[in-house]
Amino acid sequence: MASSTRRSFIRTSGLSALALGASGALRNVADAQSSTGTARLVVDSARTVATLDRRVFGSFLEHLGRAIYGGVFEPGSALADAGGFRRDVLSEIRTLNVPIVRYPGGNFVSGYDWLDGVGPSAARPTVLDRAWNSIETNQFGTNEFLSWCRAVGTEPLLGLNFGTGTAEKAAALVEYCNVPSGTKWSDLRRRHGVEAPWNVKRFCLGNEMDGNWQIGHMTALEYGRKAADAARQMRAVDRDLQRVACGSSGPGMATYLEWDRVVLEECYDVVDAISLHRYFGLNSDVVKDDARFLASNLEMERQIEEVAAVCDYVRGRRKSAKRLWLSFDEWNVWYRQTGGNGRREKAPHLLEEVYDLRDALVVGGALNSLVRQANRVKLACLAQLVNVIAPLVTDATRVIRQSIYYPYAWALAYAKGQVLNLVTESQTYEVASIGQVPFIDVAGTIDPATGNTALFILNRDLENARALKVVWHDGAPARVLGADVLTGTNLKAVNTLDAPSTVAPRRLDTPRPASEMTFELPPRSYSVVRLAQ
Ligand code: AHR
């Protein structure tokens, strides 16, 4: 059923902005509102949720389509450096300051032999990638990726093959990357010209192994046992690792949550986190209803709370002192370019989603949810980074920023320090599958190092500008450092290689600093406001 415009007010506070009317968790605060629907936000620097781990703004690069070849790596191009890395793309990602990048998959990893991608380039085999029916030349492999990470200034999150790969081969990759010398795999790395170990600290134990599309798909019990075995072997190689178990691919799976429970009952003691994935709009009618689509992040937040509950259930059953954190290591809008057949080409055009303004608003909402859930989500990856369902798109000579680039860039630049436990009061609209959805969705951080506050504000109202009164519990801020908004009259507006600035932010008008400040938020908008205390 489509969303309805029946309006009421709700107050959200604490970790979640979930507005499930039926839960009774939220108070109706209609009395507190003016008849014009001014929303209200209380900011109290003493009320914080958690320290924000910037790794929640990570991203993802898969051997898929033109993400690697023609994306980050293009030897022979006038734009490539000595290592074959595209300098323009590298510079964009360095500017973004992406903290962590997951690699090499995704579905690709479940058929990938990492040994094919190391050693002299000329000796590397060209193989058929069975995940995307594409030709993989292996000219970019583990060492190229890790050296690219250094050049970009990001941290690697390496995926392990749990499809055709063994636990022994997973541990061998850890040895290849992290042991200084004197063992079979570390000496192989040195023969490959990499003397110093890479010290990779974070690994994903497989990818979406609950899905029948995955090479080597298995039951939760089989996976949980394999994950426990691999995690133990990896720890024998390097005690200082963080290992992410493969959680359910999403709430659409018949085994959602049950998969997570069974897996964790097998491997809880030897892993640090479990993964979550979510693609907004994929295989659903949600995209037909703008108001409904703009509420997608509330479902992401619900998913986080449900998976966290399963982790804590298993923790309780095991009487474990350890509390797992969550790795939301694939998320984005994705519903248009879903065909995954590369027709046995090298670097085919696959999953090249063109993002519009509406998608950018959904991405902004998702970032708000990740910030609000910072006490549990310690790592997340926007899937993906270049060309494939990505904020950056290249051709042979250019790189452009898609609409979704902007909310992502703002989070990376301005969300810092402590996550604020904000109290937001907003009018709502009803979405049948969710409940009451606030028009105004806010997340915020305060950086103890500078005293600066950043507020990220989604106005889901498709028709009207909305006023937001911000009440500063600590008194008036000293000054407004900046305020930007992404909005427009056409939700379908996109950026293209030839018209790269159709969807771009503009300055948001701001009131003078005071203990109560009212911001006017345009309809269909996502804004960031930065203030100094
Ligand atoms: O990101 C694209 C694909 O989506 C990944 O390869 C897979 O893990 C997910 O299903």
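The next subject is the packing of aromatic side chains. With the rule as written, the count across this model stands at 17 aromatic pairs. Judged by centre distance (5.6 Å) and plane angle (65°), the rings of Trp114 and Trp185 are edge-to-face. One end of the pair, Trp114, is in the loop between β5 (100-103) and β6 (127-129); the other, Trp185, is in helix α4 (residues 184-191), with 71 residues separating them in the sequence. When its relative accessible area of 16% is taken as the criterion, Trp185 is described as buried. With a centroid separation of 6.1 Å and 25° between ring planes, the pair formed by Phe145 and Trp148 is classed as stacked. Residue Phe145 and its partner Trp148 are both found in helix α2 (residues 142-152); the two are separated by 3 residues, about one turn of the helix. No difference in accessibility class separates Phe145 from Trp148, as the two residues are buried.

With that settled, consider the sheet that holds strand β3 (residues 48-51). As summarised here, the arrangement of the 7 strands in space is β3-β16-β19-β20-β25-β22-β23, forming an open sheet in which the pairing is antiparallel. Each of the sheet's edge strands pairs with one partner strand only, and the pair in question is β3 and β23 (506-507). Sheet analysis places strand β20 (residues 452-459) next to strand β25 (residues 525-532), joined by 7 bridges and oriented antiparallel. When the bridges of β25 are listed, Leu458 appears paired with Tyr526. Together, β19 (440-447), β20, β22 (479-486) and β25 form the strand contacts of helix α10 (residues 405-414), whose direction differs from that of β25 by roughly 15°.

Attention now goes to the side chain of Asp447. You can see Asp447 is positioned in strand β19. Buried within the structure, Asp447 lacks any salt-bridge partner; Lys416 is the closest side chain of opposite charge, at an N-O distance of 5.5 Å. Filtering out sequence-adjacent residues up to four positions away, Asp447 remains in contact with Lys416, Gly417 and Asn452.

So, about the environment of His277. With respect to the element layout, His277 can be found in strand β11 (residues 273-280). Since its relative accessible area comes to 3%, His277 is described here as buried. Each residue touching His277, except ones within four places of it in the same chain, is listed here: Arg102, Asn207, Glu208, Ser248, Ser249, Gly250, Gln303, Phe328, Asp329 and Glu330. In terms of polar contacts, His277 uses its side chain to reach the side chain of Glu208, at 2.6 Å. Looking at His277, its side chain comes within polar contact range of the side chain of Asp329, at 2.7 Å.

Within the secondary structure, Glu353 is located in the loop between β12 (325-333) and α9 (357-372). A distance of 2.9 Å separates the side chain of Glu353 from the backbone nitrogen of Arg336, its partner in a polar contact. Those residues in contact with Glu353 that sit more than four places away from it in its chain are Trp334, Tyr335, Arg336, Gln337, Ile389 and Gln402.

What follows concerns the site of the ligand. Lining the immediate environment of the ligand, one finds Phe60, Glu62, Gly106, Asn107, Trp132, Asn207, Glu208, Tyr279, Glu330, Trp334, Gln384 and Ile389. In this structure, Tyr279 approaches the ligand through a side-chain N or O atom, which is 2.8 Å from an oxygen atom. A distance of 2.7 Å separates an oxygen atom of the ligand from a polar atom in the side chain of Glu330. In the complex, the protein chains occlude 95% of the 280 Å² of accessible area that the ligand would expose alone.

Thresholds applied
- Residues numbered from 1 in each chain as written.
- Predicted model: local features only at pLDDT ≥ 70, side-chain atom pairs only at ≥ 80, totals over all residues.
- Heavy atoms only, no water.
- Phe/Tyr/Trp six-rings, centres within 6.5 Å; stacked < 30°, edge-to-face > 60°.
- Helix = DSSP H or I, 4+ residues; strand = E, 2+ residues; numbered from the N terminus.
- Buried < 20%, exposed > 50% of the residue type's maximum accessible area, 1.4 Å probe, protein only.
- Pairing = 2+ DSSP bridges.
- Contact = heavy atoms within 4.5 Å.
- Axes fitted to C-alpha atoms, helices over the stretch in contact; angles between N-to-C directions.
- Lys, Arg positive; Asp, Glu negative; His and termini not counted.
- Salt bridge = Lys/Arg side-chain N within 4 Å of Asp/Glu carboxyl O.
- Polar contact = N/O pair within 3.5 Å; in protein donor to acceptor, adjacent residues only side chain to side chain.
- Near = heavy atom within 4 Å.
- Areas by Shrake-Rupley, 256 points an atom, 1.4 Å probe, with all protein chains shown as cover.

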